[in-house]
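# Overview (structure and organization)
Below are the chains, spelled out letter by letter.
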Amino acid sequence: MALYDVLQTSGSGMSVYRTWLEAISDNVSNMSTAKPTDEEAFQERFVIAEAANYGRAGGVRVAGIELGNPEGRVVWEPNHPLADEEGLVRYPDINLGDQMTNMILAQRGYQANLAVIERARDAYTAALRIGS
């Protein structure tokens with residue numbers, strides 16, 4: 001049974017990293033989303049991962065998505081159509097550098113789990129060839 005645990009563990013890791021990449025994509029695509037000051041800004045998404053079946057093979061799972069600061073940052077743009085009477089507009093407080101760093105980490109984690117699955121597949125194939 002340990003043979004299939006490798007696939008389950010790496011597959012669950014790939015799933016978590018895919019969710020993280022989706023959250024990063026959502027964050028980056030909404031960085032410039034303006035809102036009136038009486039509304040909340042777009043909230044950055046943070047993926048929370050936890051061990052599945054801790055202590056046994058089971059991998060990881062997404063425990064939830066936390067949201068960032070709804071206050072965002074207030075910018076003076078008097079010509080913006082959503083500006084209030086003082087010329088202020090609310091934007092998300094998302095740092096592009098942080099998002100790009102997180103994207104690289106998530107991509108590398110996904111690739112590492114994919115490499116484990118490919119190596120396990122190669123080992124299983126070799127084992128089947130030996131048996132025949």
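Presented here is an overview of the structure given in this document.

What counts as what
Residues numbered from 1 in each chain as written. Predicted model: local features only at pLDDT ≥ 70, side-chain atom pairs only at ≥ 80, totals over all residues. Heavy atoms only, no water. Helix = DSSP H or I, 4+ residues; strand = E, 2+ residues; numbered from the N terminus. Expected span 1.5 Å × (residues − 1). Buried < 20%, exposed > 50% of the residue type's maximum accessible area, 1.4 Å probe, protein only. Polar contact = N/O pair within 3.5 Å; in protein donor to acceptor, adjacent residues only side chain to side chain. Salt bridge = Lys/Arg side-chain N within 4 Å of Asp/Glu carboxyl O. Contact = heavy atoms within 4.5 Å.

Moving on to helix α2 (residues 96-131). An ideal rise of 1.5 Å per residue puts 52 Å on 36 residues; α2 measures up with 53 Å between its terminal C-alpha atoms. Taken together, the buried positions of α2 are Q99, A106, G109, N113, A120 and Y124. Capping the start of α2 is the job of one residue whose side-chain oxygen sits 2.7 Å from the backbone nitrogen of G97: N95.

The next point concerns the pattern of salt bridges. Tallied over the full model, the rule gives six salt bridges. Notably, a salt bridge pairs D26 with R45, separated by 3.4 Å at the nearest N-O pair. With a gap of 19 residues between them, D26 in helix α1 (residues 2-29) and R45 in strand β1 (residues 45-51) connect regions that are remote in the sequence. Relative accessible area serves as the criterion here: at 27%, D26 is assigned to the partly exposed category. The partner of D122 in a salt bridge is R121, with the nearest N and O atoms 3.3 Å apart.

Our focus in this paragraph is the environment of A49. You can see A49 is positioned in strand β1. When its relative accessible area of 48% is taken as the criterion, A49 is described as partly exposed. In this structure, the C-alpha to C-alpha distance between A49 and P70, residues 21 residues apart in sequence, is 22 Å. Residue contacts for A49: discarding those within four places in its chain leaves V16, R61 and A63.

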